[in-house]
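Observations on the model geometry
The chain contents come next:
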Amino acid sequence: MTLTDFYNEVSRHTDTDTLKIGASETKRVLAVMFSQLAKLDAATAFDLIARGLENAKKKEGKE
């Protein structure tokens, strides 16, 4: 998967019937997220990503 593929996949899931978020808005938010992560040292950035993945797995289990 390329970064563009990732952006597009996230965009497909963010635009819902109840919350209209366009692909360009989603891609901008993701780009800003990566910019913020790039400002951190690698250990902190990967720790944040790991915590986000843990939260996503917990949320997935509740659905």
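Residues numbered from 1 in each chain as written. Predicted model: local features only at pLDDT ≥ 70, side-chain atom pairs only at ≥ 80, totals over all residues. Heavy atoms only, no water.

What about the overall build of the chain?
Assigned secondary structure in the chain consists of three helices and zero strands. A compact globule built from 63 residues should have a C-alpha radius of gyration of about 11 Å, whereas the chain, at 13 Å, is more than 25% larger. Each of the 63 residues in the chain was classed as buried or not, and the buried ones make up 10%. If you sum the accessible surface of the chain, you get close to 5300 Å²; carbon and sulfur atoms cover 59% of it. Computed over 10 positive and 10 negative side-chain charges, the inter-centroid distance for the chain is 3 Å. (Helix = DSSP H or I, 4+ residues; strand = E, 2+ residues; numbered from the N terminus. Rg over C-alpha atoms; globule rule 2.2 N^0.38 Å. Buried < 20%, exposed > 50% of the residue type's maximum accessible area, 1.4 Å probe, protein only. Areas by Shrake-Rupley, 256 points an atom, 1.4 Å probe, with all protein chains shown as cover. Lys, Arg positive; Asp, Glu negative; His and termini not counted. Charge placed at Lys NZ, Arg CZ, Asp CG, Glu CD.)

Some words on the side chain of threonine 26
Residue placement: threonine 26 occurs in helix 2 (residues 23–38). In this view, threonine 26 contacts Val10, Ser11, Thr14 and Ile21; residues no more than four positions away in its chain are not counted. (Contact = heavy atoms within 4.5 Å.)

Here we look at the packing of helix 1 (residues 3–14) against helix 2
One can describe the packing of helix 1 onto helix 2 by two numbers: an axis separation of 9 Å at closest approach and a directional angle of 125°. On the basis of their axis angle, the class for helix 1 and helix 2 is oblique. As helix 1 runs across helix 2, the sense of the crossing is right-handed. Two secondary-structure elements touch here, helix 1 through Leu3, Phe6, Tyr7, Asn8, Val10, Ser11 and Thr14 and helix 2 through Ala23, Thr26, Lys27, Leu30, Ala31 and Phe34. (Axes fitted to C-alpha atoms, helices over the stretch in contact; angles between N-to-C directions. Parallel < 35°, antiparallel > 145°, perpendicular 65-115°, else oblique. Left-handed = near helix turned anticlockwise from the far one by under 90°.)

Brief notes about the pattern of salt bridges
With the rule as written, the count across this model stands at two salt bridges. Glutamate 9 serves as the salt-bridge partner of arginine 12, at 3.0 Å between the closest nitrogen and oxygen. Taken together, the positions of arginine 12 and glutamate 9, both in helix 1 and three residues apart, correspond to about one turn of that helix. (Salt bridge = Lys/Arg side-chain N within 4 Å of Asp/Glu carboxyl O.)

Details of the confidence of the model for the chain
Of the residues in the chain, 98% reach a pLDDT of 70 or more, and the chain-wide mean stands at 92. Averaged pLDDT values for the elements of the chain fall to 90 in helix 1 and rise to 94 in helix 2. (pLDDT = per-residue confidence, 0-100.)

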